[in-house]
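Next come the chains, spelled out residue by residue.
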Amino acid sequence: MPLVDVYLHQGVTTRDQRRAISDAIHAAMVETLVIPDDDRFHYFHEFPEGSVFHDDVVFGLPRSERLIGITLSFNDRTAETKNALFESLVKHLLQIAGVPREDVVLRILETARENWWAAGRVVDPHTGYDERMTAK
């Protein structure tokens, strides 16, 4: 049951563009984390002008006002899986939502498996994951 927060400059995306961003993020998580297809919880946060500050060039790469900050919250995964998730995420964001990788900033917050609850969710006591998915 990953939770996703997406941070944007206010007014730079339409509802349809935000839906495409959500679809891209979800596709990457289904592909890489092997979450169930019906496990989507995405929250979009838009900040008015003067509320978000970033340099026009960060780590030597230009960043636009379309910069997207993404925070994914889920239980622990390997470094290899998280790297694969980032690559899948930027691939899908470009293909589905037209977002270049230079405008993607990702942060992952990991919590213990026992810290997740939702009605209808059944956790396999041996793996700590939803019984419909496999650990990856």
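Look up: the structure comes first, before these words.
Below: a short report on this structure. Positions within a chain are numbered from 1, following the residues in the order the chain's sequence is written. Per-residue local features of the predicted model are confined to residues with pLDDT of at least 70, and side-chain atom pairs are confined, for both listing and counting, to 80 or more; whole-chain, interface and lining totals are unaffected and use all residues. The side-chain quantities take in all heavy atoms of the structure and omit both hydrogens and water.

### Some points on the overall build of the chain
Turning to step 1, where the next piece is worked out: Each helix is a run of H or I in the DSSP string that is no shorter than four residues. Each strand is a run of E no shorter than two, and both are numbered from the N terminus. Broken down by element type, the chain carries two helices and six strands.
Turning to step 2, where the next piece is worked out: Sequence-ordered secondary structure for the chain, helices as α and strands as β, is β-α-β-β-β-β-α-β.
Turning to step 3, where the next piece is worked out: We call a residue buried when its accessible area falls under 20% of the maximum for its residue type, exposed when it is over 50%, and partly exposed in between, using a 1.4 Å probe and counting protein chains only. Looking at the chain as a whole, 37% of its 136 residues qualify as buried.
Turning to step 4, where the next piece is worked out: If you sum the accessible surface of the chain, you get close to 7,900 Å²; carbon and sulfur atoms cover 54% of it. Using the Shrake-Rupley algorithm and a 1.4 Å probe, accessible areas are obtained, with residue cover drawn only from the displayed protein chains.

### Let's talk about the pattern of salt bridges
Any two side chains of opposite charge can pair, on the condition that their charged atoms come close.
Turning to step 1, where the next piece is worked out: The salt bridge criterion pairs a side-chain nitrogen of Lys or Arg with a carboxyl oxygen of Asp or Glu, the two atoms within 4 Å. Summed over the entire model, instances satisfying the criterion amount to six salt bridges.
Turning to step 2, where the next piece is worked out: A salt bridge links Lys82 to Glu110, with the shortest nitrogen-to-oxygen separation between them at 3.1 Å. In this pair, Lys82 is assigned in helix H2 (residues 79-97) and Glu110 in strand E6 (residues 104-111), connecting sequence segments 28 residues apart.
Turning to step 3, where the next piece is worked out: According to the relative accessible area criterion, Lys82 is partly exposed, its value standing at 22%.

### Comments concerning the nonpolar core
Turning to step 1, where the next piece is worked out: Residues grouped as a nonpolar core are buried Ala, Val, Leu, Ile, Met, Phe, Trp, Tyr and Cys residues, joined through side-chain atoms within 4.5 Å. The biggest cluster of nonpolar side chains holds 20 residues, and the ones touching the most others in it are Ile25, Met29, Ile70, Leu72 and Leu93.
Turning to step 2, where the next piece is worked out: Only strand E1 (3-9), helix H1 (15-33), strand E5 (68-75) and H2 provide two or more residues apiece to this core.
Turning to step 3, where the next piece is worked out: Looking at which element gives the most residues to this core, the answer is H1, with six residues.
Turning to step 4, where the next piece is worked out: Not counting the four nearest positions on each side in its chain, Leu72 is found in contact with Leu3, Val4, Ile25, Met29, Leu85, Leu106, Arg107, Ile108 and Leu109. Residues count as neighbours in contact if any of their non-hydrogen atoms are within 4.5 Å of one another.

### Quick look at H2
Turning to step 1, where the next piece is worked out: Taking 1.5 Å of rise per residue, the 19 residues of H2 would be expected to cover 27 Å, and the 26 Å separating its terminal C-alpha atoms lies within 8% of that figure.
Turning to step 2, where the next piece is worked out: Residues Thr81, Leu85, Ser88, Leu89, Val90, His92 and Leu93 constitute the buried set of H2.
Turning to step 3, where the next piece is worked out: Buried residues along H2 sit against H1, E5 and E6.
Turning to step 4, where the next piece is worked out: Downstream of H2 by one or two residues, Gly98 has phi in the positive range, about 70°. Helices are assigned an expected span. That span is 1.5 Å times one less than the residue count.

### Some thoughts on the side chain of Asp103
Turning to step 1, where the next piece is worked out: Within the secondary structure, Asp103 is located in the loop between H2 and E6.
Turning to step 2, where the next piece is worked out: Residues scored as charged are limited to Lys and Arg (positive) and Asp and Glu (negative), so that His and the chain ends carry no count. In this structure Asp103 is buried but unpaired, with Arg66 as the nearest side chain of opposite charge at 5.7 Å.
Turning to step 3, where the next piece is worked out: Residues adjacent in sequence count toward polar contacts only when both atoms are side-chain atoms; beyond that, a polar contact is any pair of N or O atoms within 3.5 Å, and within protein one must be able to donate a hydrogen and the other to accept it. Of note is the side chain of Asp103, whose polar atom sits 2.8 Å from the side chain of Ser64.

### A closer look at the packing of aromatic side chains
Turning to step 1, where the next piece is worked out: Planes of paired rings set the category: under 30 degrees apart is stacked, over 60 is edge-to-face and the rest tilted, where pairs are Phe, Tyr or Trp rings (Trp by its six-membered ring) whose centres lie within 6.5 Å. For the coordinates displayed, the defined rule picks out one aromatic pair.
Turning to step 2, where the next piece is worked out: With a centroid separation of 6.1 Å and 25° between ring planes, the pair formed by Tyr7 and Phe47 is classed as stacked. Of this pair, Tyr7 sits in strand E1 while Phe47 sits in strand E2 (residues 42-47), and the two are 40 residues apart along the sequence.
Turning to step 3, where the next piece is worked out: Residue classification places Tyr7 among the partly exposed residues on the basis of a relative accessible area of 27%.
Turning to step 4, where the next piece is worked out: Of the residues examined, Phe47 reaches a relative accessible area of 30% and is grouped as partly exposed.

Any functional reading would require information that these geometric values do not contain.
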